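Single-letter residue listing:
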Amino acid sequence: MPKDVHHNSAAAPPGSSAGSHGTGRAARPAGKSAPRFRKRRLRVDDVTVVERPMLRKAVGGSVVGNGMEWFDFGIYGYLAVTMGQLFFAGGAEGEGLLGSLAVFAVSFLARPIGGLVFGRLGDRIGRQRTLAATMIMMAASTFAIGLLPTYAAIGGWATVLLVLCRLLQGFSTGGEYAGATTFVSEYAPDKRRGFLASILDTGSYLGFALGAAVVSLLQVVLGNETMLEWGWRVPFLLAGPLGLIGLYFRMRIEESPAFQAAQDAQEDKAKSAAVDGPMTYRQIIAGFWRPIVMAMLLVAAANTVGYALTSYMPTYLQETMGYDAFQGTLLTIPVLVLLSAFIPLTGRLSDRIGRRPVLMIGSLITIVLGIPAFLLIGMGNVVATFAGLAVLGAATAFYVGNLASALPALFPTAGRYGSMGIAYNFAVAIFGGTTPLITQALIEATGDDLMPAYYLTIMSVLGLLAIWRMPESAKRPLPGALPSVDTQAEARDLVAGQDNNPLLSIGDMPLDLVPAGHATASPSAEAVALPAGMELPEVREPEAVGTRG
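Model, not experiment: these values are computed from the prediction. (Residues numbered from 1 in each chain as written. Predicted model: local features only at pLDDT ≥ 70, side-chain atom pairs only at ≥ 80, totals over all residues. Heavy atoms only, no water.)

With respect to the overall build of the protein chain
Argument step 1. The helix and strand tally for the protein chain stands at 20 helices and seven strands.
Argument step 2. Looking at the protein chain as a whole, 57% of its 549 residues qualify as buried.
Argument step 3. Taking all contacts inside the protein chain whose residues are at least 6 apart in sequence as the whole, residues at least 24 apart take part in 86%.
Argument step 4. Total accessible area on the protein chain stands at roughly 21,200 Å², and carbon and sulfur atoms take up 64% of it. (Helix = DSSP H or I, 4+ residues; strand = E, 2+ residues; numbered from the N terminus. Buried < 20%, exposed > 50% of the residue type's maximum accessible area, 1.4 Å probe, protein only. Contact = heavy atoms within 4.5 Å. Areas by Shrake-Rupley, 256 points an atom, 1.4 Å probe, with all protein chains shown as cover.)

This is how it looks when you write it as structure tokens:
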């Protein structure tokens, strides 16, 4: 019967002969070269078979929670003109609008800090509990905005309080998207990760659409005067009950299999030395600065288009194109609904043809059709405007429908949440959240209504360069994680064909090292010397073969 090899934390130091009697431990003969080791072969019980009820609960809970958070965060963008009139001196003038957009942008300054704090928490205490905390903080800070006195009541202190609430929103959002994408990606089977992770962004844009619908309904029912008096508070106050709904769904889901497997391995006395604990930010930046830069360029390209469509477009249509507040908001709703429905299709497409080709389509749509889209919007009639918005919506769908699966695949399990927190939130803070402010300021400075199109085009050129360098991750296990499949039969087939499967990289998986010539050594894994400080492995009988659920 073949024997397997496992790391023994109680073994004697390398070179010691103490373990060579009776334990089966291989002692290193004096004067000979260091032995070579390989990762052992993949077994059926290594493969995670995802339970469908648990998967549905995890994806559904994440989508509902994410949608509620983006409703909270997005309604400010739809009320930017109104908030400028209420919270700034001379708010009816252009300075009031720029001040309101500056407050929208300043909330993004807190997102990197939130990403650093929640990213570290997520890698230490788990994804599920961290995401519950971001939900509570977002709902509370949004609800608080609905209770604020205006500039007419307390002067500049109203602006200060608004900024503080928006900073809290930004802080909580810093942990939301990075955590939610990490969570869903770790839950999803490898062959369906693109589709399942894309559903998360469907929830995000449905949250934006719900926010636009609520604001539009209030504008119709109440009118502009009542909206300025008290109606603007209603969308923010809705964050309270909606937050409780999202929290309920979040608390019903369990921790992701990849994170739980890493935790179990750390607690196991016979754990593999290939499995590390949570990484520090110094380790993350030193080890993964290239994929972090790559991810930041991708996020910047995608989010400039996304925020131009969702948060800035109502303001652009009102202030630049001359639509009234109701029309400016209403025109975006059907585009957001269609975008939400189209995003899962782009995610499914990426599972078939790859993440890189689909992301390239989004980039090329923006580069080639971005300026024509804004020319259509500038024609001033509803049909042309809707067509221009649809072009931007298509680019957004191909972009964001794949970020949720492509970005987590750039980083290993031990530092995935933290790496995502850095890359995503710094990019959004620098580029995405400032899109409304920068483009509106450029229009006012130059008088050129096409400045938003130029800005989006430049960012997508940078994004295309990142996509060109990005490794393909479709149908592959996440780095530092074991394969994940839908059925036990698929797990058995995967193990049987592991030596000839180009989608598997055994050397990157958290598997035990065994002597290179051992029967259980994987021929596809690179032979390496025993890492410094690692004790010699102990040979023992393999565990019974089963299937992880």
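Let's talk about unusual backbone geometry
In most cases, non-glycine residues show a negative phi, while peptide bonds are predominantly trans.
Argument step 1. Phi is positive for Lys475, close to 70 degrees, though the residue is something other than glycine.
Argument step 2. Mapping Lys475 onto the fold places it in the loop between helix H19 (451-469) and strand E4 (484-485).
Argument step 3. Overall, the relative accessible area of 35% leaves Lys475 in the partly exposed class.

Notes on the nonpolar core
As a rule of thumb, nonpolar side chains are buried together in soluble globular proteins.
Argument step 1. In this structure, Met83, Phe87, Tyr316, Phe374, Ile377 and Leu407 are the most contacted members of the largest nonpolar core, which totals 123 residues.
Argument step 2. At 19 residues, helix H12 (residues 281-319) tops the list of elements feeding residues into this core.
Argument step 3. With residues up to four places along the chain from it excluded, the contact list for Tyr316 reads Met321, Phe374, Ile377, Ile443, Asp449 and Pro452.
Argument step 4. Within the second largest apolar cluster, 14 residues are counted, among which are Ala491, Ile506, Met509 and Leu511. (Core = buried A, V, L, I, M, F, W, Y, C linked by side-chain atoms within 4.5 Å.)

A look at the pairing of strand E2 (residues 36-39)
A regular strand places its side chains so that they alternate between the two faces of the sheet.
Argument step 1. The two faces of E2 differ: Phe37 and Lys39 on one face are buried, but Arg36 and Arg38 on the other face are not.
Argument step 2. As defined by bridge partners, E2 adjoins strand E6 (residues 528-529) across two bridges and the pair is classed as antiparallel. Paired with Phe37 across the two strands is Val528, which belongs to E6.
Argument step 3. Inspection of the sheet shows E2 paired to strand E5 (residues 513-515) by three bridges, in the antiparallel sense. (Pairing = 2+ DSSP bridges.)

What to know about the sheet that holds E2
Argument step 1. Read from one edge of the open sheet, three strands run E5-E2-E6, paired in antiparallel fashion. Looking at which strands have only one partner, the edges of the open sheet turn out to be E5 and E6.

Some details on a nonpolar patch on the surface
Argument step 1. A grouping of Ile113, Leu116, Val117, Leu121, Ile125, Phe426 and Ile430 is seen on the molecular surface, where their side chains present a nonpolar patch of about 520 Å² in accessible area.
Argument step 2. Elements represented by at least two residues in the nonpolar patch include exactly helix H4 (111-125) and helix H17 (416-432).
Argument step 3. With five residues, H4 is the largest single contributor of residues to the nonpolar patch.
Argument step 4. Inspection of the secondary structure puts Ile113 in helix H4.
Argument step 5. Here Ile113 falls in the partly exposed class, since its relative accessible area comes to 48%. (Patch = residues over 30% accessible without salt bridge, like charges linked within 9 Å, V, L, I, M, F, W, Y side chains within 5 Å. Salt bridge = Lys/Arg side-chain N within 4 Å of Asp/Glu carboxyl O.)

Quick notes on the pattern of salt bridges
Argument step 1. Scanning the model with the defined rule gives eight salt bridges in all.
Argument step 2. The closest approach of N and O atoms between Asp45 and Arg43, which form a salt bridge, is 3.0 Å. Both residues of the pair, Asp45 and Arg43, count as buried.

Things to note about the confidence of the model for the protein chain
Argument step 1. When the pLDDT values of the protein chain are averaged, the result is 80; 83% of them are 70 or greater.
Argument step 2. Per-element averaging of pLDDT across the protein chain places strand E1 (residues 4-6) at the bottom with 39 and helix H15 (residues 355-377) at the top with 95.
Argument step 3. Taken as a whole, residues 1-31 scores under 50 in pLDDT and shows 68 contacts with residues more than four places along the chain or in a different chain.
Argument step 4. Contacts from residues 543-549, a stretch scored under 50 in pLDDT, to residues over four places away or in other chains number 22 contacts. (pLDDT = per-residue confidence, 0-100.)

Observations concerning the packing of helix H1 (residues 52-78) against helix H7 (residues 156-187)
Argument step 1. For the pair H1 and H7, the least separation of the axes is 10 Å and the interaxial angle reads 160 degrees. Our classification of the angle between H1 and H7 gives roughly antiparallel. Remark: the crossing between H1 and H7 carries left-handed chirality. Side by side, H1 and H7 meet where Met54, Leu55, Ala58, Val59, Ser62, Asn66, Glu69, Trp70, Asp72, Phe73 and Tyr76 of the first sit next to Leu162, Arg166, Gln169, Gly170, Ser172, Thr173, Glu176, Ala180, Phe183, Val184 and Tyr187 of the second.
Argument step 2. Partitioning the contact of H1 with H7 into residue classes produces twelve nonpolar, six polar and four charged. (Axes fitted to C-alpha atoms, helices over the stretch in contact; angles between N-to-C directions. Parallel < 35°, antiparallel > 145°, perpendicular 65-115°, else oblique. Left-handed = near helix turned anticlockwise from the far one by under 90°. Nonpolar A, V, L, I, M, F, W, Y, C, P; charged D, E, K, R; others polar.)

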